[in-house]
Amino acid sequence: VYMPPRGAQGGAPSVEALQQYFDEHAIQANLNAWLNELVQHKPAAPYAWLASRIRAREPKQPAPSTPVLSRDVAAAEIVAPLAKRWMYCDAFRGPAAPAAPA
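In short, a report on the structure. (Residues numbered from 1 in each chain as written. Predicted model: local features only at pLDDT ≥ 70, side-chain atom pairs only at ≥ 80, totals over all residues. Heavy atoms only, no water.)

## Notes on the packing of helix 2 (residues 27-41) against helix 3 (residues 46-57)
Here comes step 1: As a packed pair, helix 2 and helix 3 sit with axes 11 Å apart at the nearest point and diverge in direction by 145°. Judged by the sense of rotation from one axis to the other, the crossing of helix 2 with helix 3 is right-handed. Residues Asn 30, Trp 34, Glu 37, Leu 38 and His 41 of helix 2 form the contact with helix 3, whose own contacting residues are Pro 46, Trp 49, Leu 50, Arg 53, Ile 54 and Arg 57.
Here comes step 2: Within the contact of helix 2 with helix 3, the residues separate by chemical class into 6 nonpolar, 2 polar and 3 charged. (Axes fitted to C-alpha atoms, helices over the stretch in contact; angles between N-to-C directions. Helix = DSSP H or I, 4+ residues; strand = E, 2+ residues; numbered from the N terminus. Left-handed = near helix turned anticlockwise from the far one by under 90°. Contact = heavy atoms within 4.5 Å. Nonpolar A, V, L, I, M, F, W, Y, C, P; charged D, E, K, R; others polar.)

Structure below.
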């Protein structure tokens, strides 16, 4: 998640920093265009309509700073430890209840 630069004292970002962020991502220009379209079309579900416009502008590829794990690394580092913990917790459930008669 991108965070605009903080102000000199570490507080809220300056107006200039926010304007730079808006300009860099064309936020104000896009929102203005979408709102103008919105009032022209007057869709029945305006928030869903606006959300579809915003989603269409999102990058299709993950951001370069987003880590992408290979299937093997994910299996070894995430899935295997999770499965081991699940089996450990599952052992405390006790025996399974008998099936109800049909």
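## As for the pattern of salt bridges
Here comes step 1: Within the structure shown, the criterion is met by 1 salt bridge.
Here comes step 2: Here Arg 53 makes a salt bridge to Glu 37, at a shortest N to O gap of 3.6 Å. Of this pair, Arg 53 sits in helix 3 while Glu 37 sits in helix 2, and the two are 16 residues apart along the sequence. (Salt bridge = Lys/Arg side-chain N within 4 Å of Asp/Glu carboxyl O.)

## Some words on the environment of Leu 69
Here comes step 1: With respect to the element layout, Leu 69 can be found in the loop between helix 3 and helix 4 (71-90).
Here comes step 2: If we skip the residues at most four places from it in the chain, Leu 69 touches Ala 74 and Ile 78.

## Notes on the packing of helix 1 (residues 15-25) against helix 2
Here comes step 1: It is the contact of helix 1 with helix 2, at a shortest axis distance of 5 Å, that shows an interaxial angle of 60°. When the axis of helix 1 is compared with that of helix 2, the two are oblique. For the pair helix 1 and helix 2, the contacting residues are Gln 19, Tyr 21, Phe 22 and His 25 in the first and Ile 27, Gln 28 and Asn 30 in the second.
Here comes step 2: A per-class count over the contact of helix 1 with helix 2 returns 3 nonpolar, 4 polar and no charged. (Parallel < 35°, antiparallel > 145°, perpendicular 65-115°, else oblique.)

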